[in-house]
Amino acid sequence: PPRRNTMVMAGGLMIALALILVSSITLLTDNFWPKLTLTTVPNGAQVILNNRDSKAKTPVMLKVKPWVAHRVEFRLDGYHPKVLEKLEGGLMDTQLHNIVLVASTRIIHISPQAARVFLNDRKIGSGTRLELPKLDDVGRVEIKIEATGFKTWSKMFESGAVVPHALKVELEKK
């Protein structure tokens, strides 16, 4: 009977429309998108997702579009950038990526103004951002920072290897 065929077709069409609607909602909302949990050693690396700053620092969990290859870059002063290419996942995937960053240089950030920097009583430069020489093979290290109108800042390290790769120094007024 034609009426029965019409009802079957209408029912099939309604099921197809319902599937399309559910699929669209699933893909258009990020509730079911893959999750990337990103950590670095050390923490605090800037996360660049697909060549755009995500405004996030590690550790962080990011939702990404499903079935698309993503590029994640980690940047931290004093460390070589690390890039993960072609990260992708399907709906509801969860991925954990723990990245160990490799130190490149040691950098001192000085504020609120430029200052003179001394390493074991030898001036090595001045400014608000200064790269330290290679220190891994050096024994005891004293870093001293002087600026007119500010208290002298100094710190002793048992060896060059334990000097942080990013050292932030906030000078105090006299």
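Scroll up for the structure.
Quantities reported herein were computed from a predicted structural model and do not represent experimental measurements.

Draft legend 1. Quick peek at the pairing of strand S13 (residues 153–157). The sheet contact formed by strand S12 (residues 141–146) and S13 spans five bridges and is antiparallel. By the bridge assignment for S13, Lys144 is matched with Ser154. If you look at the hairpin formed by S12 and S13, you'll find six residues sitting between the two strands, and Gly149 has a positive phi there, around 85°.

Draft legend 2. Inspection of the nonpolar core at higher detail. Residues Ile108, Ile110, Val117, Ile143, Ile145, Val163 and Leu171 are the most contacted members of the largest nonpolar core, which totals 18 residues. Those elements that place two or more of their residues in this core are strand S8 (106–111), strand S9 (115–119), strand S11 (129–132), S12 and strand S14 (166–170). Setting aside chain neighbours within four positions, we find Val117 in contact with Ile108, Ile110, Arg122, Lys123, Ile124, Gly125, Leu130, Ile143, Lys144 and Ile145. By size, the runner-up hydrophobic cluster in this structure holds 16 residues, among which are Ala56, Val64, Val72 and Leu101.

Draft legend 3. Up close: the side chain of Thr40. Note that Thr40 resides in strand S1 (residues 35–41). Reaching out from Thr40, the side chain makes a polar contact with the side chain of Thr58 at a distance of 2.6 Å. Ignoring any residue separated from it by four or fewer positions in sequence, one finds Thr40 in contact with Ala45, Thr58, Phe74, Asn98, Ile99 and Leu101.

Calculation criteria
Residues numbered from 1 in each chain as written. Predicted model: local features only at pLDDT ≥ 70, side-chain atom pairs only at ≥ 80, totals over all residues. Heavy atoms only, no water. Pairing = 2+ DSSP bridges. Helix = DSSP H or I, 4+ residues; strand = E, 2+ residues; numbered from the N terminus. Core = buried A, V, L, I, M, F, W, Y, C linked by side-chain atoms within 4.5 Å. Buried < 20%, exposed > 50% of the residue type's maximum accessible area, 1.4 Å probe, protein only. Contact = heavy atoms within 4.5 Å. Polar contact = N/O pair within 3.5 Å; in protein donor to acceptor, adjacent residues only side chain to side chain.

Interpretation note: all reported values are geometric properties and have no functional meaning in isolation.
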